[in-house]
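Coordinates in review
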Amino acid sequence: MPFGREKNSRNRPFSKEDKIPFYSDVCATAETRYSRKPLDAKNLSRWGEALIGLAVIKDNVESQKEMLRDSIKKLEEALSINDKMTETHFLLGNAYHKYGILTKDYDKAQPYYQSAYYSFRKAHNQDPKNEVYSEWMNMSQPCRISHKGWHDIRLRIITKRPLIDEEADGMEMMVKFGGMTIIAVAVGILAVGFGSLLQLL
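Sequence positions are assigned chain by chain, starting from 1 and proceeding in written order. Local features in this predicted model are restricted to residues of pLDDT 70 or higher, and side-chain atom pairs are both shown and tallied only at a pLDDT of 80 or more, whereas totals for entire chains, interfaces and linings draw on every residue. Side-chain numbers come from the whole structure's heavy atoms, not from hydrogens or water.

**Description of the packing of aromatic side chains**
Pairing of aromatic side chains here covers Phe, Tyr and the six-membered ring of Trp, requires ring centres within 6.5 Å, and sorts the geometry by plane angle: under 30 degrees stacked, over 60 edge-to-face, intermediate tilted. Taken as a whole and assessed by the stated rule, the structure comprises 7 aromatic pairs. Between Phe90 and Phe120 the ring centres are 5.7 Å apart and the planes differ by 45°, which places this aromatic pair in the tilted class. Of the two residues, Phe90 sits in helix H4 (residues 86-102) while Phe120 sits in helix H5 (residues 106-126), which places them 30 residues apart along the sequence. As far as the burial class goes, Phe90 and Phe120 line up, both buried. Here a strand is any run of E in DSSP of at least two residues, a helix any run of H or I of at least four, and the numbering for each starts at the N terminus. Between buried and exposed lies partly exposed: a residue is buried under 20% and exposed over 50% of the maximum accessible area for its type, with that area taken using a 1.4 Å probe on protein chains only.

**Focus on the pattern of salt bridges**
Throughout this description, the term salt bridge denotes a Lys or Arg side-chain nitrogen within 4 Å of a carboxyl oxygen of Asp or Glu. Enumeration over the complete set of coordinates arrives at 5 salt bridges. The salt bridge involving Lys122 is made with Asp83; its shortest N-O contact spans 3.1 Å. Within this pair, whereas Lys122 is found in helix H5, its partner Asp83 is found in the loop between helix H3 (61-81) and H4, the two being separated by 39 residues in sequence. Accessibility expressed as a relative area gives 32% for Asp83, which makes it partly exposed. A salt bridge links Asp107 to Arg144, with the shortest nitrogen-to-oxygen separation between them at 3.2 Å. Taken as a pair, Asp107 in helix H5 and Arg144 in helix H7 (residues 144-158) lie far apart in primary sequence, 37 residues in all. Residue classification places Arg144 among the partly exposed positions, given a relative accessible area of 49%.

**Examining the environment of Lys16**
Within the secondary structure, Lys16 is located in helix H1 (residues 16-36). Taking the C-alpha atoms as reference points, Lys16 and Leu54, separated by 38 residues in sequence, lie 9.4 Å from one another. In this analysis, two residues are considered to be in contact whenever any of their non-hydrogen atoms come within 4.5 Å of each other. Here Lys16 is in contact with Ile57 and Lys160, once residues within four sequence places are set aside.

**Here's the deal with the nonpolar core**
For our purposes a nonpolar core is just a set of buried Ala, Val, Leu, Ile, Met, Phe, Trp, Tyr and Cys residues, chained together by side-chain atoms within 4.5 Å. Among the nonpolar cores identified, the biggest contains 34 residues, and Cys27, Trp47, Leu54, Leu68, Phe90, Leu92 and Phe120 are the most heavily contacted of them. Put simply, the parts of the chain that give this core at least two residues each are H1, helix H2 (41-55), H3, H4, H5 and helix H6 (131-139). Ranked by residue count, the leading element in this core is H2, at 8 residues. Contact partners of Cys27, with chain neighbours within four places excluded, come to Trp47, Ala50, Leu51 and Leu54.

All we've got here are geometric facts, nothing functional implied.
Here you go:
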């Protein structure tokens, strides 16, 4: 089970202040191990997951994209060694999907969404009873409207702006935040739940 979803809450970093040293230590350990055992697929997978963890707490788009590219490279290398690591396919899809959301132009984001779908499908095919894999696979190829909304939401998360203004009524929210953003939030919550939607983004 990946360290990001361990059952023992004592091993899970919650705050940003905890996550940065935690994921940085994982990356440093993985890099050291890689120098000794470059064919250790599990180590590469763990390294890739830690890079995703670091990417999502970076405070600007380009830094996030750079770290996600590094994560994709590590995860693809792991799968080139062992294609049967189901969770690694899921993590690769996660990295591709997040990169697609960070890509403002919808047409340029499409290859990343397609790669995400392919990775989620591989995970689903290897473990068809896992509902998380099927949910992410079904949400991995947004239409142009959803992409714009998800991109806007991701920018709000990065810049620490609220997703929803509690004091604004429905019309004010549509004007202030943009109709497509509100629709994307609503559709995402209905499809996978609020917690899963934030992980998806």
